[in-house]
Amino acid sequence: MAMLHIVNKSVFERGTLDSCLKSSLSGSSILFIEDAVVSAVNNTAVSDKIKAELSSKNFYVLTPDLNARGFTDADLIEGIKGVDYAGFVDLVADNSNVQSWL
Amino acid sequence: MKFTILINEGPYQHQAADSAYQFAKAALEKGHEIFRVFFYNDAVNNATRLAIPPQDDRNITVQWAELAEQNNLDMVVCIAAAQRRGMLDDDERDRQGKDASNIHPAFRISGLGQLVEGGIQSDRLITFGD
């Protein structure tokens, strides 16, 4: 089974997204939570980097954290799926292990 | 499925404890088991029973304590991290000759072995930190 990678810091603050993208294998799932939700927003300086990986990895964003920062599903890069906490739990259960990029 | 949750950051300064709480709540609602919640480093501050957040704010310690009571959760505070930060239960207060304790009774003090055991006994170990 594939691996779930969790990123929780803004790409404009930390380098954890790059570390995650570099180390994650194709078929992996990547979930943006907390301040990392900005990485899922379209038309930013990093959205092309995410779009280039969309065909090989599954991208998710925690909707409550996205909404708490003033964004909605309409702001997302196409192909990134919004999940609630129940969906977060499912991602953890459905992948064989979990890596938090802290 | 069995989960162990590791929290590394204190309340109110970082979102880690809030995210972990929401995750734990959702996991329990979906019928999963939380084998243990381990509070490490600054996260030991989540266990203080003396915090008085404003009335319109969440009380993170009480939230955890209520979730633990409803679901019989094992919430462990790292002893070395706790002692550095002045977090004591009654036993440690007496053992160290201090005049007060501050850990909420829903939490217990123990060592890192409890985290390792949580990793071994659970299907997943999820870390919430900074």
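For clarity, every value in this text was computed on a predicted model and none was experimentally measured.

The number of helices and strands found in chain A is four helices and five strands. Ordering the α and β elements of chain A from the N terminus gives β-α-β-α-β-α-β-α-β. Taking 13 Å as the expected radius of gyration for a compact globule of 102 residues, we find that chain A reaches 12 Å, a close match to that expectation. Here the C-alpha coordinates of chain A stretch approximately 35 × 30 × 25 Å along the principal axes. Residue burial in chain A is summarised as follows: out of 102 residues, 52% are buried. The contacts in chain A between residues at least 6 apart in sequence include a share of 71% that link residues at least 24 apart.

Here we take up the pattern of salt bridges. Tallied over the entire structure, the rule returns 16 salt bridges over all chains. One salt bridge connects Asp18 of chain A with Lys49 of chain A, and the closest N-O pair in it is separated by 2.8 Å. Of this pair, Asp18 of chain A sits in helix H1 (residues 16-23) while Lys49 of chain A is found in helix H2 (residues 47-51), placing the two residues 31 residues apart along the sequence. The partner of Asp74 of chain B in a salt bridge is Arg36 of chain B, with the nearest N and O atoms 2.8 Å apart. In this pair, Asp74 of chain B sits in the loop between helix H2 (60-71) and strand S3 (75-78) while Arg36 of chain B sits in strand S2 (residues 33-39), placing the two residues 38 residues apart along the sequence. Judged on exposure class, the residue Asp74 of chain B and its partner Arg36 of chain B are both buried. Residues joined by salt bridges that share partners form a network here, namely Lys9, Glu13 and Arg14 of chain A together with Asp130 of chain B.

Summary statistics for chain B give a mean pLDDT of 97 and a share of 100% for residues scoring 70 or more. Reported confidence for the predicted complex is 0.96 by ipTM and 0.96 by pTM.

For the rest of this paragraph, the subject is empty space enclosed by the protein. The final tally for this structure, using the stated rule, is one cavity of 30 Å³ or more. The volume enclosed by the largest cavity comes to roughly 50 Å³. Listed by contribution, the elements that provide at least two residues to the lining of the largest cavity are strand S1 (3-7) and strand S5 (97-101) of chain A together with strand S5 (124-128) of chain B. By residue class, the composition of the lining of the largest cavity is six nonpolar, four polar and no charged.

Okay, the environment of Ile52 of chain B next. Residues and elements named next belong to chain B. Relative to the helices and strands, Ile52 is located in the loop between S2 and H2. Relative accessible area serves as the criterion here: at 79%, Ile52 is assigned to the exposed category. Distance in space between the C-alpha atoms of Ile52 and Ala24 is 23 Å, their sequence separation being 28 residues.

Take H1 of chain A next. Residues and elements named next belong to chain A. Those residues of H1 lying buried are Thr16, Leu17, Cys20 and Leu21. Considered in projection along H1, the buried side chains sweep an arc of 135° and stay on one side of the axis. Tucked into the core, H1 has its buried residues touching S1, strand S2 (29-32), H2, strand S3 (58-62) and S5.

Residue and element names in this part refer to chain A. Spatially, five strands are ordered S4-S3-S2-S1-S5 in an open sheet, and the strand pairing comes out parallel. Of all strands in the sheet, those bounded by a partner on one side alone are strand S4 (81-83) and S5. Averaged over all pairs of adjacent strands, the angle between their axes in this sheet comes to 25°, without regard to strand direction.

The strand order across the open sheet formed by five strands is S4-S3-S2-S1-S5 (chain B), and the pairing between neighbours is parallel. Single-partner strands in this sheet number two, and they are strand S4 (107-110) and S5 of chain B. Ignoring which end each strand starts from, the neighbouring axes of this sheet average 25° apart. Most of the contacts of helix H4 (residues 85-94) of chain A go to S5 of chain B, to which it runs at about 130°, and overall it touches strand S1 (2-7) and S5 of chain B.

This brings us to the pairing of S1 of chain B. Residue and element names in this part refer to chain B. Counting buried positions along S1 gives five out of six residues, so the element sits mostly inside the fold. You can see the chain leave S1, run along helix H1 (residues 16-29) and come back into S2, and the turn it takes is right-handed. Inspection of the sheet shows S1 paired to S5 by five bridges, in the parallel sense. Counterpart to Ile7 in the pairing with S5 is Phe128.

Thresholds applied
- Residues numbered from 1 in each chain as written.
- Chains lettered and ligands numbered in written order.
- Predicted model: local features only at pLDDT ≥ 70, side-chain atom pairs only at ≥ 80, totals over all residues.
- Heavy atoms only, no water.
- Helix = DSSP H or I, 4+ residues; strand = E, 2+ residues; numbered from the N terminus.
- Rg over C-alpha atoms; globule rule 2.2 N^0.38 Å.
- Buried < 20%, exposed > 50% of the residue type's maximum accessible area, 1.4 Å probe, protein only.
- Contact = heavy atoms within 4.5 Å.
- Salt bridge = Lys/Arg side-chain N within 4 Å of Asp/Glu carboxyl O.
- pLDDT = per-residue confidence, 0-100.
- 1 Å grid on protein atoms, 1.4 Å probe; cavity = no way out; pocket = protein on both sides within 12 Å on 5 of 7 lines; lining within 4 Å.
- Points joined across faces, edges and corners; volume = space filled by probe spheres on them.
- Nonpolar A, V, L, I, M, F, W, Y, C, P; charged D, E, K, R; others polar.
- Arc of directions from axis to C-beta.
- Pairing = 2+ DSSP bridges.
- Axes fitted to C-alpha atoms, helices over the stretch in contact; angles between N-to-C directions.
- Right-handed = clockwise from strand over helix to strand, strands pointing away.

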